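Spelled out from the first residue to the last, the chains are:
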Amino acid sequence: MAAELACSVSDSLESKSFNLRLQHSVTKNLPGDHCIETDVPFPSGAGAFRCTAKYWPNWKLSNCITISVVVTRTHRHIRHKVLAAHIDLPGKTGLPAPVDIMAGITRGAMHVLAAAGDVEGGTTLSVRRADVERYCVDDDGHFTALCTVAVSRSWPPPPLPAFPTLGRDISVVAPDLADVSFRVEGETFAAHRLVLAARSPVFKAALYGEMAESKASSVVEIEDMRAPTFRSMLDYMYHGSLPVAATAEMDDAAVKMEFQHLYVAADRYGLDTLKEMCEEVLCASVSVSTVLSNLVFAEERTCAKLKPRCLDFLAVGENFKEVAVTSEYFDMMMESPGLLAEVQNWFKRPRLS
């Protein structure tokens, strides 16, 4: 006997909301230790962990039902972080459950329930069976639990596409053949026109386009960019690598700042793959201390993944409570009322498919 499971994937590669549709009329008389279990399929890019939904129709022979979502690791060498896990129980019409059923709900962390494998995290929900039968079970004998889980690989960031080694060979073996220099914040960087033109359409137009000869100069001045950001961008164009070594020990706020600057530089020079990698890292850095600044950045830069990731994070009640008391939240209320309204609407949106 199995639970019916219907899933709808959010925009984030490693976040999922799903509806767990349960057959109460068939399962209500099962023994207290009987558990219905089903795996929740995540996208292929998040294959280093397993997400499992469980349902106990008679938890420990009591008058309660219990539902859980647990995340376990399947690869010991890859670290993931459970960013959010939440279960809601709406009424039979799909609207929020009445106040008196909410009073009977107990929530808890996943470690109280046994699970095979290395547990990363999760959540549980227990509620009086009489309340479920009265308010949640429909005419077909089913009720639905709304579940959300967001899991992110903290470090390293997602792997980059492998570039040929030509860029590395040129930078290491032939530095004397550099034929262009850039000055950024007083620091000079030597580079090779062919490498830059091969990676960036903007550099190609600037260095080899129709106006290139008239604008030729031994040193090109770069305005409105930090020197460390330009260095990271050059490293990426030559070696295909992000500045992981420099940021692995940083906190979320420092990582956010580093990769926001690099995202802007990638956008400026048409480095689309670098933009995507920066956005993935920014998604992984979303926390109570960074979510609002990441959200404002995503809105300004039209980041298709980062914005819904921030909104999903704020849609979890516990996260929203922590963020809503910060001075940054009050500043956003004053400066970006439209964005604040979007946050509130996302928080209140119906999540039934």
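Starting from 1, residues in each chain are numbered consecutively following that chain's sequence as written. Restriction of local features to residues with pLDDT of at least 70 applies here, the model being predicted, together with a cutoff of 80 or more for giving and counting side-chain atom pairs; totals for whole chains, interfaces and linings are based on all residues. Side-chain figures throughout are based on the complete set of non-hydrogen atoms in the structure, without hydrogens or water.

With an unreviewed UniProt entry as reference, the protein chain is termed BTB domain-containing protein, source organism Urochloa decumbens. UniProt positions are given in the numbering used here, feature names are shortened, and annotations may be inferred rather than shown by experiment. Quoted verbatim from the Sequence similarities (unreviewed entry) heading of the UniProt record, the comment on the protein chain is "Belongs to the Tdpoz family." The protein chain has a UniProt comment under Pathway (unreviewed entry) that states "Protein modification; protein ubiquitination."

**Things to note about the pattern of salt bridges**
Only one rule defines a salt bridge in this text: a Lys or Arg side-chain nitrogen within 4 Å of an Asp or Glu carboxyl oxygen. As enumerated under the stated definition, the model contains nine salt bridges in all. Here Arg-21 and Asp-138 are joined by a salt bridge, their closest N and O atoms 3.5 Å apart. Residue Arg-21 is found in strand E2 (residues 15-23), and its partner Asp-138 is found in the loop between helix H3 (129-136) and strand E9 (142-153); the two are separated by 117 residues along the sequence. Relative accessibility thresholds used throughout: buried, under 20% of the residue-type maximum; exposed, over 50%; partly exposed, between the two (1.4 Å probe, protein chains only). The exposure class assigned to Arg-21 is partly exposed, which follows from its relative accessible area of 27%. One salt bridge in this structure joins Glu-342 and Lys-307, with 3.0 Å as the shortest N-O distance. Strands here mean DSSP runs of E at least two residues long; helices mean DSSP runs of H or I at least four residues long; both are numbered from the N terminus.

**So, the environment of Ala-304**
Within the secondary structure layout, Ala-304 lies in the loop between helix H11 (291-301) and helix H12 (306-314). Once the C-alpha coordinates of Ala-304 and Glu-279 are considered, the two residues, 25 residues apart in sequence, prove to be 9.0 Å apart.

**Considering the sheet that holds strand E11 (residues 187-191)**
As summarised here, the arrangement of the three strands in space is E11-E10-E12, forming an open sheet in which the pairing is mixed. Of all strands in the sheet, those bounded by a partner on one side alone are E11 and strand E12 (219-221). The sheet shows a mean angle of 30° between the axes of neighbouring strands, taken without regard to direction. Two strands form a pair only when DSSP identifies at least two bridges running between them. By the bridge criterion, three bridges tie strand E10 (residues 180-184) to E12 in an arrangement that is parallel. Opposite Phe-182, over in E12, you have Val-220 as the bridge partner. Residues are treated as being in contact if the distance between any of their heavy atoms lies within 4.5 Å. Between N-to-C directions, angles cover 0 to 180 degrees, with each direction set by a line fitted to C-alpha atoms, over the stretch in contact for helices. Across the sheet, helix H7 (residues 227-239) lies against E10 and E11, angled at about 10° from E11, the strand it touches most.

**Here we look at the nonpolar core**
In terms of nonpolar packing, the biggest core is built from 53 residues, with Leu-196, Phe-203, Phe-230, Met-233, Leu-274 and Leu-306 touching the most fellow members. With seven residues, H7 is the largest single contributor of residues to this core. Discounting residues that sit within four places of it in the chain, Phe-203 has contacts with Phe-182, Leu-196, Ala-197, Tyr-208, Phe-230, Met-233, Met-237 and Tyr-269. Definition of nonpolar core: a set of buried residues of the types Ala, Val, Leu, Ile, Met, Phe, Trp, Tyr and Cys, connected through side-chain atoms within 4.5 Å. Counting 27 residues, the second-largest nonpolar core is a separate cluster that includes Phe-18, Leu-20, Ile-67 and Ala-145.

**So, a nonpolar patch on the surface**
A cluster of nonpolar side chains, namely Phe-330, Met-333 and Met-334, defines an oily patch on the protein surface of about 340 Å² accessible area. Looking at the element boundaries, Phe-330 is found in helix H14 (residues 327-335). Overall, Phe-330 belongs to the partly exposed group, its relative accessible area being 44%. Each patch is built from residues that are more than 30% exposed by relative accessible area and take part in no salt bridge. Like charges join if they lie within 9 Å; nonpolar side chains (Val, Leu, Ile, Met, Phe, Trp, Tyr) join within 5 Å. Each accessible area is a Shrake-Rupley result for a 1.4 Å probe, and residues are judged covered by the shown protein chains and nothing else.

**Here's the deal with unusual backbone geometry**
A negative phi holds for most residues other than glycine; trans holds for most peptide bonds. One non-glycine residue with positive phi stands out, namely Glu-185, at about 50°. Looking at the secondary structure, you find Glu-185 in the loop between E10 and E11. A positive phi angle, close to 55°, is found at Thr-302, a residue other than glycine. One can find Thr-302 in the loop between H11 and H12.

**Description of the packing of aromatic side chains**
Within 6.5 Å between ring centres, the rings of Phe, Tyr and Trp (the latter by its six-membered ring) count as paired, and their orientation is classed by plane angle as stacked under 30 degrees, edge-to-face over 60, tilted in between. For the structure shown, the criterion picks out eight aromatic pairs. On the numbers, 5.3 Å between centres and 55° between planes, the contact of Phe-189 with Phe-230 is tilted. Pair noted here: Phe-189 is in strand E11 and Phe-230 is in helix H7, with a separation of 41 residues, a long-range link. Residue Phe-189 shares its accessibility class with Phe-230, and that shared class is buried.

**Considering the side chain of Thr-52**
The topology assignment puts Thr-52 in strand E4 (residues 49-56). Polar contacts here mean pairs of N or O atoms no more than 3.5 Å apart (in protein, one a potential hydrogen donor and the other a potential acceptor; neighbouring residues in sequence count only if both atoms are side-chain atoms). Here Asp-39 takes part through its side chain, which lies 3.3 Å from a polar atom of the side chain of Thr-52. Apart from residues lying up to four places away in sequence, Thr-52 is in contact with Glu-37, Thr-38, Asp-39, Ser-68, Val-69 and Val-70.

**Thoughts on the confidence of the model for the protein chain**
Per residue, pLDDT measures the predictor's confidence, with a range of 0 to 100. Model confidence for the protein chain is summarised by a mean pLDDT of 76, while 68% of its residues fall at 70 or above. Mean pLDDT across the elements of the protein chain ranges from a minimum in strand E1 (residues 4-9), with 44, to a maximum in H11, with 94. Across residues 1-13 the pLDDT falls below 50, and counting only partners more than four positions away or on other chains, this stretch makes 45 contacts in the model. This stretch, residues 160-166, has a pLDDT under 50; its non-local contacts, to residues over four places away or in other chains, come to ten contacts.

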